[in-house]
Amino acid sequence: MGDVLAGIHATWEFDTDSVLIRFERGIRTPKLFQSLRERRIPYAALSSVTLTPGKRGTVVLRAVPRAGADPLVEAASGQLKEGCDPYRLVLPAEREVLAEYYADELRALLDPASDEPADRFLVAAPEAPMNFKAYDGRAGFDGERVSFRWSWTGASSAKWKADDQTFKVSELAGIVWRSPEALDGYLRLLPRAAAPVDHRTGGSLGDLHGPGGSGSADGASADGGPVAAPVTRAADQDPAAVLFGLGYGPVHESLPFAAAVLESVRRTQPAPAASAPALVNAGRRDPADIAERIHHLGELHQAGLVTDAEYTAKKAQLLAEL
């Protein structure tokens, strides 16, 4: 598409096969956005596009990711607050017509299988090395190993007895990230010899989500293989977990960390055989659809929302798709 749509806290740059989301670094921009900086989202990673009224005279354009396509979304498991959703673009209400135009353009580029879960991650994870300070220790990830170094003041005696920990991603089944904004937040690694823990009850969840499955509020994992005895220890007693607390393990540090670990764990596991996704924009469009879009483009041009040069270039691009 080659167009740019600037909103509040972010700018979307549309390419032929993806949208590049650049986040602002202003003082009012959510810290998670500042930490992510920018993300390239392939159209094949999207399931739908919505446009809804926002707060205080705004509209919200949202690209909805496919289940299993984004390691950040899988690790968050629905725990992100609305204002920290990296797939939302907030615009002034007077730009609603323009936002509706781009929403239609995005919908036309969605993969035919967009309503199905992705069988692999399609969005890149944050890059290692990474680290953050938790309440009871410091967590580090170099791309191949996760390390926990316990704090003198915060770590339990059980963790001190176990000593500092290092885990190879090839030995992990997944992770569980419970937001530090919730009570008793933590990051727990799931060794392949153990089942995930239900952070609401302290017991085992009993199953792992596969590569093509969607995450839940309980965690994310690399595959659906068999596991051994369930883990019943609380996070403060588990050497495979670090605790969050006020000022420790904030979302903008611990969530990208969890996403990077999850992507590396998934990558080390054998992926199921699957055909490559079809190109979203392959083939020709329906002439009626092209005519409707040119008409819509003309309305934007008459309203002064699209310049003469933009109108001419976009119209030529649409005609070329016939």
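We now turn to the structure provided with this report. From a predicted model like this one, the values you see are computed outputs, not experimental measurements. (Residues numbered from 1 in each chain as written. Predicted model: local features only at pLDDT ≥ 70, side-chain atom pairs only at ≥ 80, totals over all residues. Heavy atoms only, no water.)

### What to know about the overall build of the chain
- The number of helices and strands found in the chain is 7 helices and 15 strands.
- Classification of the 322 residues of the chain by burial places 48% in the buried group.
- Summing over all exposed atoms, the chain offers an accessible surface of approximately 15,600 Å²; the carbon and sulfur share of this is 52%. (Helix = DSSP H or I, 4+ residues; strand = E, 2+ residues; numbered from the N terminus. Buried < 20%, exposed > 50% of the residue type's maximum accessible area, 1.4 Å probe, protein only. Areas by Shrake-Rupley, 256 points an atom, 1.4 Å probe, with all protein chains shown as cover.)

### Quick notes on helix H7 (residues 308-320)
- For H7, with 13 residues, the first-to-last C-alpha span of 18 Å sits near the 18 Å given by 1.5 Å per residue.
- Buried within H7 we find Tyr311, Lys314 and Leu318. When H7 is viewed along its axis, its buried side chains cluster within an angular range of 75 degrees and face the same direction. Counted as exposed and oriented over 90 degrees from the buried face of H7: Asp308, Ala309, Thr312 and Ala320. (Expected span 1.5 Å × (residues − 1). Arc of directions from axis to C-beta.)

### Observations regarding the environment of Trp12
- Mapped onto the elements of the fold, Trp12 is located in strand E2 (residues 10-14).
- Accessibility expressed as a relative area gives 1% for Trp12, which makes it buried.
- In this structure the C-alpha to C-alpha distance between Trp12 and Arg22, which are 10 residues apart in sequence, comes to 6.5 Å.
- Excluding residues within four positions of it along the chain, Trp12 makes contact with Asp3, Val4, Leu5, Val19, Leu20, Ile21, Leu61, Ala63, Tyr87, Arg88, Leu89 and Leu106. (Contact = heavy atoms within 4.5 Å.)

### As for helix H5 (residues 251-268)
- Here H5 is 18 residues long and its end C-alpha atoms lie 25 Å apart, about the 26 Å a rise of 1.5 Å per residue gives.
- The buried fraction of H5 is high, at 14 of 18 residues.

### Thoughts on the environment of Asp142
- Assignment of secondary structure puts Asp142 in the loop between strand E9 (137-141) and strand E10 (145-150).
- Judged by relative accessible area, which is 47%, Asp142 ranks as partly exposed.
- In this structure, the C-alpha to C-alpha distance between Asp142 and Val261, residues 119 residues apart in sequence, is 9.4 Å.
- A distance of 2.8 Å separates a polar atom in the side chain of Asp142 from the backbone nitrogen of Glu144. (Polar contact = N/O pair within 3.5 Å; in protein donor to acceptor, adjacent residues only side chain to side chain.)

### Digging into unusual backbone geometry
- Along the chain, Ala128 connects to Pro129 via a cis peptide bond; the corresponding omega equals 5 degrees.
- Turning to its location among the elements, Pro129 is positioned in the loop between helix H3 (96-108) and strand E8 (130-133).
- The backbone of His9 sits at a positive phi, close to 80 degrees, despite the residue not being glycine.
- Assignment of secondary structure puts His9 in the loop between strand E1 (4-6) and E2.
- For Asp184, which is not glycine, the phi torsion reads 60 degrees and is therefore positive.
- On the basis of relative accessible area, Asp184 is assigned to the exposed category, the value being 57%.

### Concerning the pattern of salt bridges
- This model, assessed by the stated rule, comprises 13 salt bridges.
- A salt bridge links Arg40 to Asp15, with the nearest nitrogen and oxygen atoms 3.9 Å apart. Note that Arg40 is positioned in strand E4 (residues 38-42) and Asp15 in the loop between E2 and strand E3 (18-23), a separation of 25 residues in sequence.
- The exposure class assigned to Arg40 is partly exposed, which follows from its relative accessible area of 42%.
- With a closest N to O distance of 2.7 Å, Arg39 and Asp70 form a salt bridge. Note that Arg39 is positioned in strand E4 and Asp70 in the loop between strand E6 (58-65) and helix H2 (71-76), a separation of 31 residues in sequence. (Salt bridge = Lys/Arg side-chain N within 4 Å of Asp/Glu carboxyl O.)

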